[in-house]
Amino acid sequence: MKNKLTTSILAIILVLVTVFGISACSKSDKKTDTNTENSVEMTIDEYKIKVKTSEENLLANYETIKRMANFEYNTMNAYDRISSTPYSNFDNLLAEAYDYCETDSQTLQTEYEKVCNEYKEITLIKIDNEEATQIKELYNSMFDAYMQLYNLATNPTGTTDSFANEAKEYMDTVDYNKGGLKVWLE
């Protein structure tokens, strides 16, 4: 009974944190191309440079977040192998993950906010071009997966399997879009 209550509470907390993260840096913050007041026009070459720079910053921060998620999964998995109860010491796990990645929550948050701001700037760029449309779709998908992985790694909850499945999905999406962007940005 206690484990079910704890799991339910953790699930609710994860939902709230995810909603908060999405609202803090969500697509609803984007200005559409029809909003000419805040949109910026540029050439396709300028756009590619802007996206490439932002992608590099996203991927640098992504590597740290990916290492955190992998560390958290490995810790949860090792615990599950020696215990009959699911892992539940998430506060300690997060502290250990920051130490393992040689970072802290403030540094990671600052880098995350930088990526979010760059993403917002890119969404304000007005460019009507098939190539730009493809780049924008790939970058949006990459950013969404990055944001979800950040939320998962900085707020680890759930079962080991659910954590692993979500993390893998987000990592696969970032890596897939990274490959697609490489083709379009060169």
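Source: prediction; values computed, not measured.

Q: Tell me what's going on with the overall build of the protein chain, and back it up with residues and numbers.
A: Scanning the protein chain from terminus to terminus reveals six helices and two strands. For the protein chain, the sequential pattern of α-helices and β-strands runs α-β-α-α-α-β-α-α. Buried residues in the protein chain amount to 39% of all 186 residues. For the protein chain, long-range pairs separated by at least 24 residues make up 84% of all intrachain contacts whose partners lie at least 6 apart in sequence. Summed over its atoms, the accessible surface of the protein chain is roughly 10500 Å², and 53% of this surface lies on carbon and sulfur atoms.

Q: Tell me about the pattern of salt bridges, residues and numbers included.
A: Inspection of the entire model under this criterion finds three salt bridges. Among the ionic pairs, E121 bridges to K50, the shortest N-O distance being 2.6 Å. Here the residue E121 occupies a position in helix α4 (residues 105–123), and K50 occupies one in helix α2 (residues 44–82), the gap between them amounting to 71 residues. For K168, the salt bridge is made with D172, and the minimal N-O distance between the two is 2.6 Å. One end of the pair is K168 and the other is D172, both in helix α6 (residues 160–185) and four residues apart, which spans about a single turn. Of the residues examined, K168 reaches a relative accessible area of 49% and is grouped as partly exposed. Owing to a relative accessible area of 39%, D172 belongs among the partly exposed residues under this scheme.

Q: Tell me about the confidence of the model for the protein chain, residues and numbers included.
A: The predicted coordinates ought not to be read in detail in places where the model reports low pLDDT. The predicted model of the protein chain averages 83 in pLDDT, with 80% of residues at 70 or higher. Predicted confidence in the protein chain is weakest over helix α1 (residues 2–24), with a mean pLDDT of 44, and strongest over helix α5 (residues 130–154), with 96. Taken together, the stretch residues 1–23 has pLDDT below 50 and engages in 14 contacts with residues farther than four places along the chain or on a different chain.

Criteria and cut-off values
Residues numbered from 1 in each chain as written. Predicted model: local features only at pLDDT ≥ 70, side-chain atom pairs only at ≥ 80, totals over all residues. Heavy atoms only, no water. Helix = DSSP H or I, 4+ residues; strand = E, 2+ residues; numbered from the N terminus. Buried < 20%, exposed > 50% of the residue type's maximum accessible area, 1.4 Å probe, protein only. Contact = heavy atoms within 4.5 Å. Areas by Shrake-Rupley, 256 points an atom, 1.4 Å probe, with all protein chains shown as cover. Salt bridge = Lys/Arg side-chain N within 4 Å of Asp/Glu carboxyl O. pLDDT = per-residue confidence, 0-100.

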